[in-house]
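Remarks on the overall topology
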Amino acid sequence: MIERVKPDMGGAAAALDLDAELMLRVKEGDGASFGVLLEKHRSPVVHFLYRMVQNHAVAEELAQEVFLRVYRSRGSYEPTAKFTTWLFRIATHLALNWLRDGKNEKGQERLDDDTGASPSRDVPDRRPSVEYTLVRQARMDEVRRAVAALPDKQRAAVLMHKYEEMEYSQIAGVLNCSESAVKSLLFRAYESLRARLAHMA
C-alpha cells in the first residue's frame, strides 16, 4: 500500500520518513502503526509540554489531546512535512492555547518535582559529592525557571531548538512562520537568558 506513495519522488523519498509511512498506514486503518507512533513520540511530547506549561498533570492531559487529534486527523493526513513537524505544531498550539487561556496554575513546588520526568542525558552516572549535586540541581532549576519565564513563543522555539534539536526550518514549520522569524525569536530568547543567567557564567 505504501509503494504508491514512493514512485518518482527521487531524493524526496528520504523526506517521507518512517513516521510518515506509519501515519499513512494509520490513515488506511492500521491501528498497530498508531501504537508504534504513540510509543515512539509520547515521551518527547510530554517532556516538551511539561517544559511549556510547568505542570505534570496538564502536560499529560495535553499529550493525550495531541495524540487524539493526530488520530482524528488520520483521514486527511498528507505527508507534506516531517511527521514530527506536524506533531509538534499540534503540541505547541495546545500549549500556547492553555497558557493564553490563563489556566496556568504554575505551583513553584512543581518546578522541583520533575526529577524523574526530565531526560536523563544531563544527569551524570557517577555519584558526585552531595554539595556538587545540590549546586548542579540549583543551577539546572535556575536555567529551567529562566526558560519558563520567556514569552510563550520564545520558550517554544528554545525548547524545540535546544531540547528537541530541531532545525530552524522545522521550528518554522511548527510555529507557522519564516526561518528568519525563528532566528529572531531565538536571538531574543538567548539574549534574555544570557542576561538573566550572567551570574552563572
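Above this text sits the structure in question.
All of these numbers come straight from a predicted model, not from anything done at the bench. (Residues numbered from 1 in each chain as written. Predicted model: local features only at pLDDT ≥ 70, side-chain atom pairs only at ≥ 80, totals over all residues. Heavy atoms only, no water.)

**Some thoughts on the overall build of the protein**
Note the threshold: Helix and strand definitions here come from DSSP, where helices need a minimum of 4 consecutive H or I residues and strands a minimum of 2 consecutive E residues; each element is numbered from the N-terminal end. Accessibility here uses a 1.4 Å probe with only protein chains present; expressed as a share of the type maximum, an area under 20% marks a residue as buried, one over 50% as exposed, and anything in between as partly exposed. In what follows, residue pairs with any heavy atoms lying within 4.5 Å of each other are defined as contacts. Calculation of accessible area relied on Shrake-Rupley with a 1.4 Å probe; when residues are assessed, cover is drawn exclusively from the protein chains displayed.
Secondary structure assignment for the protein yields ten helices and zero strands. The 201 residues of the protein split such that 40% are buried. Within the protein, contacts between residues separated by at least 24 positions form 66% of all contacts whose residues are at least 6 apart in sequence. Element-wise, carbon and sulfur atoms account for 52% of the exposed surface of the protein, whose accessible area totals about 11,500 Å².

**Let's talk about the packing of helix 8 (residues 152-163) against helix 10 (residues 179-196)**
Put simply, the rule is: Axis angles are defined between N-to-C directions and span 0 to 180 degrees, where every axis is a line fitted to C-alpha atoms and, for a helix, only to the segment in contact. Orientation labels follow simple angle bins: below 35 degrees gives roughly parallel, above 145 gives roughly antiparallel, 65 to 115 gives roughly perpendicular, and whatever is left gives oblique. Three classes are used, and their members are as follows: Ala, Val, Leu, Ile, Met, Phe, Trp, Tyr, Cys and Pro are nonpolar, Asp, Glu, Lys and Arg are charged, and the others, Gly among them, are polar.
Contact geometry of helix 8 with helix 10 gives a least axis separation of 9 Å together with a crossing angle of 95°. Compared by their axis directions, helix 8 and helix 10 come out roughly perpendicular. For the pair helix 8 and helix 10, the contacting residues are Lys153, Gln154, Ala157, Val158, His161 and Lys162 in the first and Leu185, Leu186, Arg188, Ala189, Tyr190 and Ser192 in the second. For the contact of helix 8 with helix 10, the residue count by class is six nonpolar, three polar and three charged.

**What about helix 10?**
Test applied: Here the expected length of a helix is defined as 1.5 Å per residue gap, with one fewer gap than residues. Working definition: the arc comes from the directions between the helix axis and the C-beta atoms, pointing outward to the latter.
For helix 10, with 18 residues, the first-to-last C-alpha span of 26 Å sits near the 26 Å given by 1.5 Å per residue. Of all the positions in helix 10, only Val182, Leu185, Leu186, Ala189, Tyr190 and Leu193 are classed as buried. Taken end-on, helix 10 shows its buried residues confined to a sector of 125°, consistent with a single buried face. Residues of helix 10 that are exposed and point over 90 degrees away from its buried face: Ser180, Phe187, Arg194 and Ala195. Buried positions along helix 10 lie against helix 7 (130-148), helix 8 and helix 9 (168-175).

**Considerations on the environment of Ala181**
Mapped onto the secondary structure, Ala181 falls in helix 10. What makes Ala181 partly exposed here is its relative accessible area of 29%. As for Ala181 and Tyr168, which are separated by 13 residues in sequence, their C-alpha atoms are 9.5 Å apart.

**Looking at the packing of aromatic side chains**
We count it as follows: Between 30 and 60 degrees the pair is tilted, below 30 it is stacked and above 60 it is edge-to-face, where a pair is any two Phe, Tyr or Trp rings, Trp via its six-membered ring, whose centres lie within 6.5 Å. Charge-over-ring placement is defined geometrically: NZ (Lys) or CZ (Arg) within 6 Å of the ring centre, and within 35 degrees of the ring normal.
As enumerated under the stated definition, the model contains four aromatic pairs in all. Note on Tyr77 and Trp86: the rings are 5.0 Å apart at their centroids and 50° apart in plane angle, and the pair reads as tilted. By relative accessible area, which is 3% here, Tyr77 ends up buried. With relative accessibility at 17%, the residue Trp86 sits in the buried group. Of the aromatic side chains, those joined through ring pairs into one cluster are Tyr77, Phe83 and Trp86. The cationic tip of Arg74 hangs over the ring face of Tyr71; the distance from NZ or CZ to the ring centre is 3.9 Å.

**Concerning unusual backbone geometry**
Residue Gln54 is not a glycine yet carries a positive backbone phi of 60°. In this fold, Gln54 is placed in the loop between helix 3 (31-53) and helix 4 (56-72). For Gln54, a relative accessible area of 1% gives the class buried. One non-glycine residue with positive phi stands out, namely Glu165, at about 55°. One can find Glu165 in the loop between helix 8 and helix 9. Among the residues examined, Glu165 registers a relative accessible area of 61% and is labelled exposed.

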